[in-house]
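Summary of the model geometry
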Amino acid sequence: MGLNAISPTIMNQPPHFGTPSFNTVEEALTYMKLEKYSALFEREDVDMPTFLTLTDTDLKAIAIDLLGPRKKILNFIKMSQSGSGGGSETGELQMALAAEQSTVHALREKLKQDRDNEAKNQQIIQSLFMSYQNIRE
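All figures in this text were calculated on a predicted structure; none of them were measured in a lab. (Residues numbered from 1 in each chain as written. Predicted model: local features only at pLDDT ≥ 70, side-chain atom pairs only at ≥ 80, totals over all residues. Heavy atoms only, no water.)

**Let's talk about the overall build of the protein**
The criterion, for reference: Helix and strand definitions follow DSSP, with helices as H or I runs of at least four residues and strands as E runs of at least two, each counted in order from the N terminus. Note on classification: 1.4 Å probe, protein chains only; a residue is buried when its accessible area is under 20% of the maximum for its type, exposed when over 50%, partly exposed between these limits. The criterion used for residue contact is that any of the two residues' heavy atoms lie within 4.5 Å. All accessible-area figures derive from a Shrake-Rupley calculation using a 1.4 Å probe, and residue coverage is judged against the displayed protein chains alone.
Helix and strand content of the protein: 7 helices and 0 strands. Element order for the protein, N to C, with α for helix and β for strand: α-α-α-α-α-α-α. For the protein, the residues scored as buried account for 27% of the 137 residues in total. Excluding contacts between residues fewer than 6 apart, the proportion of contacts in the protein whose partners are at least 24 apart in sequence is 54%. Accessible surface for the protein amounts to roughly 9600 Å². Of this, 54% is attributable to carbon and sulfur atoms.

**Section: the packing of aromatic side chains**
To keep it simple, the criterion reads: The criterion for an aromatic pair is that two Phe, Tyr or Trp rings (for Trp, the six-membered ring) have centres within 6.5 Å, with stacked assigned to planes under 30 degrees apart, edge-to-face to planes over 60 apart and tilted to the rest.
Evaluated as defined, the whole model comprises 5 aromatic pairs. Geometrically, the ring pair formed by Tyr 31 and Phe 76 is tilted, given 6.3 Å between the ring centres and 55° between the ring planes. One end of the pair, Tyr 31, is in helix H2 (residues 25-31); the other, Phe 76, is in helix H6 (residues 67-82), with 45 residues separating them in the sequence. On the accessibility criterion, Tyr 31 (25% relative accessible area) is partly exposed.

**Thoughts on H6**
Basically, it comes down to this: What a helix should span is 1.5 Å times the count of its residues minus one.
Spanning 16 residues, H6 covers 22 Å between terminal C-alpha atoms, matching the ideal 22 Å at 1.5 Å per step. Those residues of H6 that fall on the buried side of the exposure criterion are Pro 69, Arg 70, Ile 73, Phe 76, Ile 77 and Met 79.

**Some thoughts on the nonpolar core**
As a reminder, the rule being used: By convention a nonpolar core is built from buried Ala, Val, Leu, Ile, Met, Phe, Trp, Tyr and Cys residues, the set being connected through side-chain atoms within 4.5 Å.
One finds Leu 29, Met 32, Phe 41, Phe 51, Ile 64 and Ile 73 to be the most contacted residues of the largest nonpolar core, which totals 19 residues. Only H2, helix H3 (38-43), helix H4 (48-51) and H6 provide two or more residues apiece to this core. Among residues more than four places away in sequence, those in contact with Ile 73 are Leu 29, Met 32, Leu 34, Phe 41, Phe 51, Leu 59 and Ile 64.

**What to know about the side chain of Ser 38**
Tracing the backbone shows Ser 38 in helix H3. Contacts of Ser 38, omitting those with residues within four sequence positions, involve Glu 26 and Leu 29.

Following this line, the structure appears as C-alpha cells:
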C-alpha cells in the first residue's frame, strides 16, 4: 500500500517543517477537519493553552461523543506536547494514520454489531416459522 492510500490530501500538501502555530482552537480544529466542533469549545471558553491539556474525559464532558474525532484531537494534543508537531510531515502522517485506524476500528465494531443483529434476526425468523408450523398442524 502506497502513502497515497493513507491520505491523499496530506500527500498533496507541500512539505513543511516544525510545528505550525495555531493561535486559536478553531484554527487547530480546522486543520484537523473538525471545525464542526468549534462551537462546543467556544461554549466552554476553551483557549489554545487549555485545549492542549484536554483529556479523553474532558472531550466527552463537552459532548464530543464520537471516538474518531476524540482520537484525532488527542493525537494532535500528544504531538503538540511532544514537539513533533501536527505540522511536520511525519506528524501529519501519524495523525492521518491514527484517524484511519479509528475509522477501521469503528467499522469493525459496526460489522460485529451487524453480525450479532443478523444472528438474532435469524433466530426470530426461525422461531416464527416454528410457531407458524405448530399453528398449521
